[in-house]
Amino acid sequence: MAASSCMLRSSFLFPNPNLHQQSNGVVSFSPIKATYDAISQSPQLQKHRRPADENIRQEARRDISSHNLSARYVPFNADSNSSEWYSLDEIIYRSQSGGLLDVQHDMDALKKFDGQYWRSLFDSRVGKTTWPYGSGVWSKKEWVLPEIDSDDIVSAFEGNSNLFWAERFGKQFLGMNDLWVKHCGISHTGSFKDLGMTVLVSQVNRLRKMHKPVVGVGCASTGDTSAALSAYCASAGIPSIVFLPANKISMAQLVQPIANGAFVLSIDTDFDGCMQLIREVTAELPIYLANSLNSLRLEGQKTAAIEILQQFEWEVPEWVIVPGGNLGNIYAFYKGFQMCKELGLVDRIPRLVCAQAANANPLYLHYKSGWKDFKPIRANTTFASAIQIGDPVSIDRAVFALKNSNGIVEEATEEELMDAMAQADSTGMFICPHTGVALTALCKLRKTGVIGPTDRTVVVSTAHGLKFTDSKVDYHSKEIKNMECRFANPPVQVKADFGSVMDVLKKYLLSKNSRF
């Protein structure tokens, strides 16, 4: 399949005097000369600014370089002899056999550039406002959708999320000195779903310009997917349709698609029921399916894995722990890490852990059975509502990722995940219940010695805690039935007089410092 051009803007691009083509065709990088050139061409020395009447999209059109890169749909984990593939411009979600699809990149073309080249290119784009590379996703455009025109991209400069050292939590509760939290919830709509949705909506924008039969975009959601879809569709002026399970998501999650103008259907079923309905509807109406059955979203989500390596200056952590519901994200992380290894940016990948709520744990049960026949379950209610899924679409992807990363699956009860969330919050975080699931998994693996005290470990936080204030209020008010809420911190009621306030404060200070 012939690849069309994609747009690049970087002093690290070939042809370049810092890049040397070796006899094997691989492009290598001269770091000393590159450093000198980067300094001599810095904005401080070159006071370049685009014309006042030109926006960043228009500026990008003036800076186009050719790259013979391409990508296409293929059946997921297909036999190497399979000849089945589809253009990304086709509207298709399943292979001929009914299986999942995957986005396959032209790895031979990507390998013409060595690992140092890609590291330098990606690093050169961090923190910039150049369209579209200011996005943590589109700064890796060549690895995401290499053929899309930058004019078609719909982006809120998502990604580039905080990777912070959880010093006190690691030391106090786990005896660890190298624990990190990748806070993907610090994003445009407050969850990691933005990473995938910018890719999917950008491709839909391209398809509509090509006059493909796409009137709107639809999804079934437990909250975060609908928030991301509605925001990106609103930015592009594309109608969005959302199927939500009635009375099963937080008000903060519900209000986001409503505020962004989505057509919201509240349906008396669970997520799996909504998913079945949206699949039937998109088969009959010109509505593009936005759930993770669509492999385009995973191309954006995999950039969080690349970003972790980038933030560690291309050093590989020992462990990465990811909450899992519909299970696309654990595969996306695997894919991002594996691409970095295959293209020479790193020499290994981390071990992956998928963490599930015990009330919605089909992958955990499958793992504990020794990967015998998978059986969907009826998910019970969990505070980690975004992963309350009993029949995950990406089960095959998740199993593949875990088997190929020597991975582990753990689970967390409702009390465990809420206690972990409260403990994390007490050290200065403000996490979502799903991150509480991941932290519980970490605690269990530390307790059994699987994860060591000096192992560099990254916990992926998938959403912002501000989306789940109701559950936090219930916990600290001790209003959750059959839960002790051991770390609750309710306000103290006190009379409005100096003596009463002093008595309460003295008692509190004494509890914190016996020498008071």
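Since the model is a prediction, treat every value here as computed from it, not as a measurement.

Rules behind the numbers
Residues numbered from 1 in each chain as written. Predicted model: local features only at pLDDT ≥ 70, side-chain atom pairs only at ≥ 80, totals over all residues. Heavy atoms only, no water. Buried < 20%, exposed > 50% of the residue type's maximum accessible area, 1.4 Å probe, protein only. Helix = DSSP H or I, 4+ residues; strand = E, 2+ residues; numbered from the N terminus. Pairing = 2+ DSSP bridges. Right-handed = clockwise from strand over helix to strand, strands pointing away. Axes fitted to C-alpha atoms, helices over the stretch in contact; angles between N-to-C directions. Contact = heavy atoms within 4.5 Å. Phe/Tyr/Trp six-rings, centres within 6.5 Å; stacked < 30°, edge-to-face > 60°. Lys NZ or Arg CZ within 6 Å of the ring centre and 35° of its normal. UniProt positions renumbered as here; feature names shortened; annotations may be inferred. Salt bridge = Lys/Arg side-chain N within 4 Å of Asp/Glu carboxyl O.

**Focus on the pairing of strand β11 (residues 319-323)**
Consecutive residues of a regular strand have side chains that alternate between opposite faces of the sheet.
Piece 1. With respect to burial, β11 is a largely interior element, five of its five residues being buried.
Piece 2. Burial of β11 is two-sided: the residues Trp319, Ile321 and Pro323 facing one way and the residues Val320 and Val322 facing the other way are all buried.
Piece 3. Note: β11 against strand β12 (residues 351-357), five bridges, orientation parallel. Considered in β12, the bridge of valine 320 is made with leucine 352.
Piece 4. Of the crossover connections in this fold, the one passing from β11 over helix α12 (residues 328-342) to the parallel β12 is right-handed.
Piece 5. In terms of strand pairing, β11 meets strand β14 (residues 457-461) through three bridges, oriented parallel. Each bridged residue has a counterpart across the sheet, and for tryptophan 319 the counterpart in β14 is threonine 457.

**Here's the deal with the sheet that holds strand β7 (residues 216-220)**
Piece 1. The parallel open sheet is built from four strands, whose spatial order is β9-β8-β7-β10. Across the chains shown, the open sheet's two edge strands, defined by having one partner strand only, are β9 (263-267) and β10 (287-289). Strand-to-strand twist of the sheet, defined as the mean angle between neighbouring strand axes without regard to direction, takes the value 25°.
Piece 2. Pairing analysis gives four bridges linking β7 to strand β8 (residues 240-245), with the strands arranged parallel. Bridge pairing in β8 links cysteine 219 to valine 242.
Piece 3. On top of the sheet, helix α6 (residues 193-209) reaches β7 and β10; it is set at about 145° to β10, its chief contact.
Piece 4. The sheet strands contacting helix α7 (residues 224-236) are β7 and β8, and the helix crosses β7 at an angle near 170°.

**A short note on the packing of aromatic side chains**
Piece 1. For the structure on display, the rule yields 17 aromatic pairs.
Piece 2. Ring centres 5.4 Å apart and planes at 70° place the aromatic pair tyrosine 367 and tryptophan 371 in the edge-to-face group.
Piece 3. Since its relative accessible area comes to 24%, tyrosine 367 is described here as partly exposed.
Piece 4. Under the relative-accessibility criterion, tryptophan 371 is labelled partly exposed at 21%.
Piece 5. Pairwise contacts between aromatic rings join Phe113, Tyr117, Trp118, Phe122 and Trp143 into one cluster.
Piece 6. Sitting over the face of the ring of phenylalanine 122, lysine 140 holds its NZ or CZ atom 5.9 Å from the ring centroid.
Piece 7. Directly above the ring of phenylalanine 312 sits arginine 456, whose terminal nitrogen or CZ lies 4.2 Å from the centroid.

**Structural notes on the pairing of β7**
Piece 1. Within β7, five of the five residues are buried, leaving the element largely enclosed by the surrounding structure.
Piece 2. Burial along β7 is two-sided: the face carrying Gly216, Gly218 and Ala220 and the face carrying Val217 and Cys219 are both buried.
Piece 3. Relative to β10, β7 runs parallel, the two sharing three bridges. Counterpart to glycine 218 in the pairing with β10 is leucine 289.
Piece 4. Following the chain from β7 across α7 to the adjacent parallel β8, one finds a crossover that is right-handed.

**Comments concerning the UniProt feature "modified residue: N6-(pyridoxal phosphate)lysine" (unreviewed entry) in the chain**
Piece 1. Cross-referencing UniProt, the feature "modified residue: N6-(pyridoxal phosphate)lysine" (unreviewed entry) maps to Lys193 in the present numbering.
Piece 2. By the element assignment, lysine 193 lies in helix α6.
Piece 3. The buried category is assigned to lysine 193, whose relative accessible area is 12%.

**Re the pattern of salt bridges**
Piece 1. If you walk through the whole model with that rule in mind, you get 16 salt bridges.
Piece 2. In this structure, aspartate 419 and arginine 486 form a salt bridge, with 3.3 Å as the shortest nitrogen-oxygen distance. One end of the pair, aspartate 419, is in helix α15 (residues 414-426); the other, arginine 486, is in the loop between α17 (469-476) and α18 (498-512), and 67 residues separate them in sequence.
Piece 3. When the shortest N-O distance is used, the salt bridge between lysine 472 and aspartate 425 registers 2.4 Å. With lysine 472 in helix α17 and aspartate 425 in helix α15, the pair connects residues that are 47 residues apart, well separated along the chain.
Piece 4. The class of aspartate 425 is buried, set by a relative accessible area of 18%.
Piece 5. It is possible to trace a salt-bridge network through shared partners that takes in Asp102, Glu299, Lys302 and Lys335.

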